[in-house]
Amino acid sequence: MATAERQAPARRSGANTALHELALAAVVVAAIAGATALLLLAGGYPVGRGLAALWSGSFGSWYAFTSATLVRAVPLMLTGAAVAIAFRAGVLNIGAEGQLLVGAAAAVALALVSREDPGLLALAPPLVAAAAGGAVWAGVAAFLRTRYGVLEVISTIMLNFVATYVVSYLVRGPLQEPTRVYPQSATIADAFQLPRISGAGRLHVGLLLALALAGVAGWVLRRTAVGFRIVATGENPSAAASAGGIDVRKTTMHAFLVSGALAGLAGGVEVLGVTFALYENISPGYGYTAIAVALLARLDPWRGVATALLFGALEAGAGAMQRDAGVPSTLVSVIEAALILAVVAAQAARARRLSGDSAVAIRPVNA
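Residues numbered from 1 in each chain as written. Predicted model: local features only at pLDDT ≥ 70, side-chain atom pairs only at ≥ 80, totals over all residues. Heavy atoms only, no water.

**Overview of the overall build of the protein**
What counts is decided by this rule: Starting at the N terminus, helices and strands are each numbered in turn, a helix being any DSSP run of H or I of at least four residues and a strand any DSSP run of E of at least two. Each residue is placed in one exposure class: buried if its accessible area under a 1.4 Å probe, protein chains only, is under 20% of its type's maximum, exposed if it is over 50%, and partly exposed if it falls in between. Two residues form a contact once any of their heavy atoms are found within 4.5 Å.
Of regular secondary structure, the protein possesses 13 helices and zero strands. The buried share among the 367 residues of the protein stands at 45%. Counting only contacts in the protein whose residues sit at least 6 apart along the sequence, the fraction spanning at least 24 positions is 74%.

Written out as C-alpha cells, the structure reads:
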C-alpha cells in the first residue's frame, strides 16, 4: 500500500509532463501555421494555396511523408543529437555542417575504393569512416580549445568553410567522376547504398539508425554516469571539478568528439542513402538547422526526433510551396529563424524567472 501511494505522485507527474509536452507541441505547430499565414499575406501570396501546398508537400500523402519529410528528418535527427550532446557539455559546437560534409566525403571516398562485400557488411566501413571523419574534424576545434583556449564558436564556424572548400576540391580533383565533366564523384556501387524501407518510397534504413542513436544518446544523458558528467560539466564546470571530482577537460573533449562523430555519420547516411555521390552543396544546411532542432528540443535527443520531424516537414513543404503556389522557399527559412528566436527568448525568460525565484527563496527573513 505504501509503495503504491509513493508511486501515485510519480505517475501523476509523468502524466502532467506528457500533457505539457503535447500542449507545447500544439502551440508550436499553431504558431508556425499562424506565422506562415501572416508572411504569405504580407507578401501578397495566396494564403490558402500556400498553406495547402505546405501541408501536401510534407504530410499530404504517404509518399510525401516518407520520401520528403522523413528523408530530410534523418540527418536532422543525427545532427540534432550531435548539437544537443555538445551543448549539454557546455561545448558550443556550431560546426555540425562542416563535420557532416567531411563525414560524407570520407564515406564516399572509402566506398569508391573498397571491395564490394555481400550484404550489409559492405555498409559498415563507409559508415565508420563517416563517423571517424566527423570526429576528427571536431577534434581539430577540440584541440584548439583545450590547448590554446580558442573559442569553439569561432573555430567550428571557420572549419565549416574549410570543409566546404575541401569538398569542392575533392569533387574537382581526386574524387571527380571519370569523364571529368561534372563537379561530383562517381556514383557509389549498389552494395554501398543503404537499403530502402519497403513500401516507403525513397526512405532508407538510415531512419532506423538515426532513431536508435537518438534513443541511445537520450538514455546516456538521462541514466548513466557518463551522462551525469556531461550535464554537470555543462551546468557548472567549476563545481563539477571541485565537488564532483569530474575531469572537465576530458569530458568536454569526449563530448566534442562524439558530437562530431554523430554529425559525420549524418553525412555518411545522406550520401549512402539519398545522393549516392558526393557533390557541392550536398547539404542544404542540415548542420545549421540542427542547432534549431536541438534548441527547440531543449537539448534532449529524444525530443529532438520530434523537432527534426517538424523541421523536415518545413523543408519538404517549402519546396512544394514554391512549386505549386509560387511562394519562395526562403519564406520557410524566415519562419525557422523566428522560431529559433522565440525559443531562445522563452528560455532566457524562464531562466530569469527561476533565478528570481531562487533569490526570493534564499532572502533572509529580516531583509
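After that view of the structure, there is still more to cover.
**Regarding helix H8 (residues 225-235)**
Residue pairs spaced three or four apart in an α-helix point in one direction, given the helix's 3.6 residues per turn. All buried positions along H8 are accounted for by Gly 227, Ile 230, Val 231, Ala 232 and Thr 233. Each element contacted by the buried residues of H8 is listed here: helix H3 (62-88), helix H7 (206-223), helix H9 (237-242) and helix H10 (248-275).

**Here's the deal with the environment of Thr 233**
Relative to the helices and strands, Thr 233 resides in helix H8. Sequence separation of Thr 233 and Arg 249 is 16 residues, and the distance between their C-alpha atoms is 9.1 Å. Leave out the neighbours within four places in its chain, and Thr 233 touches Ala 89, Ala 240, Ile 246, Val 248, Thr 251 and Thr 252.

**Some words on the packing of helix H5 (residues 124-148) against H10**
What counts is decided by this rule: Lines fitted to C-alpha atoms define the axes, with helix axes restricted to the stretch in contact, and inter-axis angles between N-to-C directions lie between 0 and 180 degrees. Less than a right angle of anticlockwise turn of the near helix away from the far helix marks a crossing as left-handed, whereas a clockwise turn marks it as right-handed. Amino acids are sorted into nonpolar (Ala, Val, Leu, Ile, Met, Phe, Trp, Tyr, Cys and Pro), charged (Asp, Glu, Lys and Arg) and polar (every other residue, Gly among them).
Where H5 meets H10, the axes come as close as 6 Å, and the angle between the chain directions of the two elements is 145 degrees. Crossing of H5 against H10: the hand is right-handed. The residue inventory of the contact of H5 with H10, partitioned by class, reads 16 nonpolar, seven polar and two charged.

**Remarks on the nonpolar core**
What counts here: Buried Ala, Val, Leu, Ile, Met, Phe, Trp, Tyr and Cys residues form a nonpolar core when they are joined through side-chain atoms within 4.5 Å.
In terms of nonpolar packing, the biggest core is built from 92 residues, with Phe 87, Leu 278, Phe 311 and Met 321 touching the most fellow members. Top contributing element to this core by residue count: H3, with 14 residues. Those residues within four positions of Phe 311 in sequence are excluded, and the remaining contacts are Leu 76, Thr 289, Ala 292, Val 293, Leu 296, Glu 336 and Leu 339.

**Overview of the pattern of salt bridges**
To keep it simple, the criterion reads: When a carboxyl oxygen of Asp or Glu lies within 4 Å of a side-chain nitrogen of Lys or Arg, that pair is called a salt bridge.
In total, this model carries five salt bridges according to the counting rule given. Salt-bridge contacts for Glu 280 lead to Arg 172; the nearest nitrogen and oxygen are separated by 2.6 Å. In this pair, Glu 280 sits in the loop between H10 and helix H11 (286-296) while Arg 172 sits in the loop between helix H6 (152-170) and H7, placing the two residues 108 residues apart along the sequence. Taking the relative accessible area as the measure of exposure, Glu 280 reaches 27% and is therefore partly exposed. A salt bridge links Arg 303 to Asp 300, with the nearest nitrogen and oxygen atoms 3.3 Å apart. Each of the salt bridges in this network shares a partner with another, and the network as a whole consists of Arg 222, Asp 300 and Arg 303.

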